[in-house]
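Take a look at the letters that make up each chain.
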Amino acid sequence: MKAIIGVDIGTTSTKTILFDLQGNVLASQNIGYPLHQDQPGMAEEDPEQIFSAVIQGIHDVLKSTKTEKFVLVGVSLSAAMHSLILMDQNNRPLTRVMTWADNRSEKASAALQENGVAKSLYMKTGTPNHPMTPLTKIMWFRQEQPNLFAKAAKFIGIKDYVLFKLFGRYVMDYGLASATGLLNLHTLDWDPQALETAGISKEQLPRLVDTETQLTGLSELNAQRMGLKADVPFIIGSSDGALANLGVDAISSGKLAVSIGTSGAVRMVVDHPVFDPQGKLFCYVLGKGRWLVGGPVNNGGIILRWVRDQWFSKAEKPTYPELMQLAAQSVPAAHGLIFLPYLGGERAPIWDANARGTFFGLTRQHTQADMIRAVLEGIVLNLYEVAQRIKQVAGPITSIQATGGFSQADLWLQILTDCFDQPVTVLDNHEGSALGAAVMGMHSLGLVSDLTEVHQLLSSAKQWLPDQTRAKRYQEFMKIWSETSHLVEPEYAKIAAFQQKYLD
């Protein structure tokens, strides 16, 4: 029997899964690591801890599988977008990993917006202007830590770091490169204007390679640590968002993937680069002849955690299913209670790191159940705003695939279905990016003829249908929700500045 490993290097953990070629899970491992937030805006991780998680994860799944005889054909990689590590001339890290959640380059991002460079770069790179981008992070280092910036010989991401440690080469796939704000989507090369804006040279970035590129030649030491043969090929793969779409068979025109985990995203695959005139959507490379258009949101299930931790005492703290039961006691549109879910700033659809959360429409008649339901609906309506923008630039939505932790919550899924007023399919597959990586690896190795064959690897699905009475109410409600969202946008910078001024 042949098998392949999919490795998903995430923001807080690395998931490693051993699949057979029919998509069945033979073994899995999930290894977490801390997120360092030592100062406001910081969100960093230790690159060595992540590298160790990759090594340990591969070792563990190979040792723990109950299948006695199989041939490992390859290891394929997925990784979180927008990470940055500065490396010195001796190939040692000068910094920890700055993750997408690090907002310290907010001033650099604002400057690009004010001088008009942001729009010019977006129309070439497809990356919205935001502190998440490695472009603005590099600018921050140049402006705020010039001595460290001057020592940097290379500017790389976390997957690049792992591959360098394994193979001694600096390479970056087009998928992750297209999320840096530095890659020109039209030429698939580092963009001269972006490089000038960042203040770096092309030579300081990894060599660009296709997402199905195979790397071979592990050292005996690394091979032994993982329990692999030294000649096992590693397929470089793509970004976690792109491979998540692949992992749920949302890679054909019109298929929308909606995901809510800690954060969330709405994504659709297209056959050519698509740009939003207002720069509110990303456009990234998935693989050969496929691009991903969509928007990520900061605020997903993490707000439910806030509700649970801050609204309830330790003694009465509910489980997430119990929170859903409370929300079910309310009604669609929560008796007219609007919640704008911007507790952690926001990326799509407003791209404002200063954004703050809002309850609007509160009366003495509103209950705790109304407020919890408004939270669930606010997160979904925010995603709906992103989906409508995708529809405008990429064409009609023909089907919706739901993924992420929220797909286990019946009430939340029904809210999504009614708000979007379309059937929603939930696949019995929670492997997401790891399965997408494995399928891309199989295609690279010639084991499947096309990426669409992922459909044959997916298990049973459940479909949710909209209720027209509820859908009609949501259509009326979301107009007020959207107008409210736009009305308060000008005040975000002011309240954020006030909060910062009086921060204890």
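Above this text sits the structure in question.
These remarks concern the structure in this document. As a convention, each chain's residues are numbered from 1 in the sequence order in which they are written. Only residues with pLDDT of 70 or above have their local features reported here, since the model is predicted, and side-chain atom pairs are shown and tallied only from 80 upward, although totals for entire chains, interfaces and linings are computed over all residues. Side-chain figures throughout are based on the complete set of non-hydrogen atoms in the structure, without hydrogens or water.

Ranked by size, the top nonpolar core spans 173 residues in total, and within it Ile-58, Val-75, Leu-256 and Trp-412 carry the most contacts. In terms of residue count, the dominant contributor to this core is helix α13 (residues 368–394) (12 residues). The contacts of Ile-58, once residues within four sequence positions are left out, are Ile-5, Val-7, Thr-16, Val-75, Met-226, Leu-228 and Phe-234. To form a nonpolar core, buried Ala, Val, Leu, Ile, Met, Phe, Trp, Tyr and Cys residues must be joined to one another through side-chain atoms within 4.5 Å. Think of it in three bands: with a 1.4 Å probe and only protein chains considered, a residue is buried below 20% of the maximum accessible area for its type, exposed above 50%, and partly exposed in between. Secondary structure elements follow DSSP: runs of H or I no shorter than four residues count as helices, runs of E no shorter than two count as strands, and numbering proceeds from the N terminus. Should any heavy atoms of two residues lie within 4.5 Å, those residues are considered in contact.

Further remarks concern the packing of helix α11 (residues 301–311) against helix α12 (residues 320–327). Axis lines are fitted to C-alpha atoms, over the contacting stretch for helices. Their N-to-C directions set the angle, which ranges from 0 to 180 degrees. Remark: α11 packs on α12, axes separated minimally by 11 Å, with the N-to-C direction vectors making an angle of 90 degrees. One way to sum up the angle between α11 and α12 is to call them roughly perpendicular. For the pair α11 and α12, the contacting residues are Leu-304, Arg-305, Val-307 and Arg-308 in the first and Tyr-320, Leu-323 and Met-324 in the second. Amino acid classes used here: Ala, Val, Leu, Ile, Met, Phe, Trp, Tyr, Cys and Pro are nonpolar; Asp, Glu, Lys and Arg are charged; the rest, including Gly, are polar. Considering only residue class, the contact of α11 with α12 consists of five nonpolar, no polar and two charged. Every angle not falling under 35 degrees, over 145, or within 65 to 115 is termed oblique; those three ranges are roughly parallel, roughly antiparallel and roughly perpendicular.

The subject of this paragraph is the sheet that holds strand β23 (residues 461–464). Should DSSP find at least two bridges between two strands, the strands are regarded as paired. Read across the sheet, seven strands follow the order β17-β18-β16-β15-β21-β22-β23 without closing on themselves; strand pairing throughout is mixed. In the strand order of this sheet, the two ends are held by β17 (282–287) and β23, each with one partner. For this sheet the average axis-to-axis angle between neighbouring strands, irrespective of direction, equals 30 degrees. As judged from the three bridges shared by strand β21 (residues 399–403) and strand β22 (residues 424–427), these two strands associate in the parallel manner. Within β22, the position partnered with Ile-400 by the bridge is Val-424.

Here we have six strands laid out as an open sheet, ordered β3-β2-β1-β5-β14-β13, and mixed in their pairing. At either end of the open sheet lies a strand with only one pairing partner, and these are β3 (25–32) and β13 (214–215). When strand β1 (residues 2–9) meets strand β5 (residues 71–79), the two strands line up parallel, connected through eight bridges. Each bridged residue has a counterpart across the sheet, and for Ile-5 the counterpart in β5 is Val-75. The strands touched by helix α6 (residues 158–167) within the sheet are β1, β5, β13 and β14 (234–239), with β14 carrying the most contacts at an inclination of about 170 degrees.

The subject of this paragraph is the environment of Thr-65. Within the secondary structure layout, Thr-65 lies in the loop between α1 (47–64) and β5. Taking the relative accessible area as the measure of exposure, Thr-65 reaches 13% and is therefore buried. Sequence spacing of Thr-65 and Leu-18 is 47 residues, and the spatial spacing of their C-alpha atoms is 8.2 Å. Beyond its immediate sequence surroundings of up to four residues, Thr-65 is in contact with Leu-18, Leu-26, Ala-27 and Phe-70.

Turning to the side chain of Asp-20, a few remarks are in order. Its place among the elements puts Asp-20 in strand β2 (residues 13–20). Buried charge without a salt bridge: Asp-20, with Lys-2 as the nearest opposite-charge side chain at an N-O distance of 13 Å. Two N or O atoms form a polar contact when they lie within 3.5 Å of each other; inside protein one atom must be a possible hydrogen donor and the other a possible acceptor, and for residues adjacent in sequence the pair counts only when both atoms belong to side chains. Reaching out from Asp-20, the side chain makes a polar contact with the backbone nitrogen of Gln-22 at a distance of 2.9 Å. Side-chain polar atoms of Asp-20 contact the backbone nitrogen of Asn-24, separated by 2.9 Å. Beyond its immediate chain neighbours, meaning those up to four positions away, Asp-20 contacts Met-1, Lys-2, Ala-3 and Leu-26. Charged residues are defined here as Lys and Arg on the positive side and Asp and Glu on the negative side; His and the ends of the chain fall outside this count. One side-chain nitrogen of Lys or Arg within 4 Å of one carboxyl oxygen of Asp or Glu is enough to make a salt bridge.

Remember, this is a structural readout, not a statement about activity or role.
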